[in-house]
Amino acid sequence: MLNIVRSEQLDMEERAFEWNGKRYELNFTYDNILRFFQLLDDDSLNKYEKISLQFQLLVGEGLQVPLEKMIDVIEYAANLISESSYQPTASNPVKMFDYEQDSEAIYASFLQQYGIDLIKEKGKLDYFKFRALFTNLSSNTPFQQIVHIRSKDPSKHIEDREYVQQLNIQQQTFAVRKTPEEIETEKQAQLGAALSNL
């Protein structure tokens with residue numbers, strides 16, 4: 001988690017682990033952590049391959065440690081990544097964005113709002129800084145405009161047929177690609193929400 005009050009020394013200590021009396025820094029650059037997320041969703045890899053690749057992303061290649069230590073390091077890093085200074089809200093089962101699919105909009109948004117070229121920042125920009133900037137992109141950025149289109153509910157504008165038609169076209173154009181499992185999860189959540197409103 002990004003903390004502007006705490007010392008940089010503490011941040012660096014938190015982002016490392018020890019093995020056989022030696023400290024190893026974890027790689028928390030934004031592009032590395034986004035690849036880490038991709039591995040979580042990669043169904044072409046078995047569990048051991050995912051663990052091995054995630055560990056390599058975080059530590060680098062060549063360090064030989066037992067599987068249990070790899071898992072400990074990955075879980076530790078995942079806990080750091082998931083920390084937030086805000087209270088969690090009820091999770092929305094509808095996927096509103098995808099880092100890979102929305103790469104161009106995210107890139108353009110960072111350039112527009114912050115003057116940051118994310119391509120030039122690969123391997124440099126800290127993930128926690130990236131996340132703070134990403135979370136706070138303004139509503140006039142391309143990325144937030146796309147998310148806004150995706151989140152609009154056409155049923156709330158049923159009286160304006162032309163608007164609903166345009167919105168449906170936009171939502172189809174900017175729809176997030178989903179796996180069959182994600183589609184089923186969304187359907188179940190929507191059904192549950194509809195039943196609870198009865």
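Structural notes, computed from the coordinates. (Residues numbered from 1 in each chain as written. Predicted model: local features only at pLDDT ≥ 70, side-chain atom pairs only at ≥ 80, totals over all residues. Heavy atoms only, no water.)

Concerning the pattern of salt bridges
Once the charged atoms of two side chains with opposite charge are near each other, the side chains can pair.
Here is step 1 of the chain: For the structure on display, the rule yields five salt bridges.
Here is step 2 of the chain: Note that Asp126 and Arg15 form a salt bridge whose closest N and O atoms lie 2.3 Å from each other. With Asp126 in the loop between helix H5 (103–114) and helix H6 (127–135) and Arg15 in the loop between helix H1 (8–14) and strand S1 (16–19), the pair connects residues that are 111 residues apart, well separated along the chain.
Here is step 3 of the chain: The salt bridge involving Asp31 is made with Arg35; its shortest N-O contact spans 3.6 Å. Of this pair, Asp31 and Arg35 both sit in helix H2 (residues 30–41), four residues apart, roughly one helical turn.
Here is step 4 of the chain: For Asp31, a relative accessible area of 10% corresponds to the buried category.
Here is step 5 of the chain: Assessed through its relative accessible area of 36%, Arg35 is described here as partly exposed. (Salt bridge = Lys/Arg side-chain N within 4 Å of Asp/Glu carboxyl O. Helix = DSSP H or I, 4+ residues; strand = E, 2+ residues; numbered from the N terminus. Buried < 20%, exposed > 50% of the residue type's maximum accessible area, 1.4 Å probe, protein only.)

A closer look at the side chain of Gln171
Here is step 1 of the chain: Relative to the helices and strands, Gln171 resides in helix H8 (residues 161–173).
Here is step 2 of the chain: Of note is the side chain of Gln171, whose polar atom sits 2.9 Å from the backbone oxygen of Ile149.
Here is step 3 of the chain: The residues contacting Gln171, other than those within four sequence positions of it, are Ile149, Arg150, Lys152 and Pro154. (Polar contact = N/O pair within 3.5 Å; in protein donor to acceptor, adjacent residues only side chain to side chain. Contact = heavy atoms within 4.5 Å.)

Comments concerning H8
The periodicity of an α-helix, 3.6 residues per turn, causes residues three or four positions apart to be oriented the same way.
Here is step 1 of the chain: Along its 13 residues, H8 runs 18 Å from first to last C-alpha, staying within 8% of the 18 Å computed at 1.5 Å per residue.
Here is step 2 of the chain: Looking only at H8, the buried set comprises Val164, Leu167 and Gln171. Looking down the long axis of H8, one finds its buried residues gathered within 65 degrees of arc, a one-sided arrangement. Of the exposed residues in H8, the ones pointing more than 90 degrees away from its buried face are Glu162, Gln165, Gln172 and Thr173.
Here is step 3 of the chain: Those residues of H8 hidden inside the fold are in contact with helix H7 (142–151). (Expected span 1.5 Å × (residues − 1). Arc of directions from axis to C-beta.)

Here we look at the layout of surface pockets
Here is step 1 of the chain: Empty space within the largest pocket amounts to approximately 1,100 Å³.
Here is step 2 of the chain: For the largest pocket, the lining is made up of 36 residues, of which Leu34, Phe37, Gln38, Tyr99 and Glu100 are closest to its centre.
Here is step 3 of the chain: Looking at the lining of the largest pocket, the elements with two or more residues in it are H2, helix H4 (67–82), H5, H6 and helix H9 (180–196).
Here is step 4 of the chain: Element by element, the count of residues in the lining of the largest pocket is highest for H2, at nine residues. (1 Å grid on protein atoms, 1.4 Å probe; cavity = no way out; pocket = protein on both sides within 12 Å on 5 of 7 lines; lining within 4 Å. Points joined across faces, edges and corners; volume = space filled by probe spheres on them.)

Re the nonpolar core
Here is step 1 of the chain: Grouped together as the largest cluster of nonpolar side chains are 38 residues, with contacts concentrated most on Phe55, Leu58 and Phe130.
Here is step 2 of the chain: Once you skip the residues sitting within four places of it in the chain, Leu58 turns out to touch Glu25, Leu26, Asn27, Asn32, Ile33, Phe36, Val73, Ile74 and Ala77. (Core = buried A, V, L, I, M, F, W, Y, C linked by side-chain atoms within 4.5 Å.)

So, the environment of Ala189
Here is step 1 of the chain: Looking at the secondary structure, you find Ala189 in helix H9.
Here is step 2 of the chain: Judged by its relative accessible area of 27%, Ala189 is partly exposed.
Here is step 3 of the chain: Considering only alpha carbons, one finds Ala189 and Val94, 95 residues apart in sequence, at a separation of 8.5 Å.

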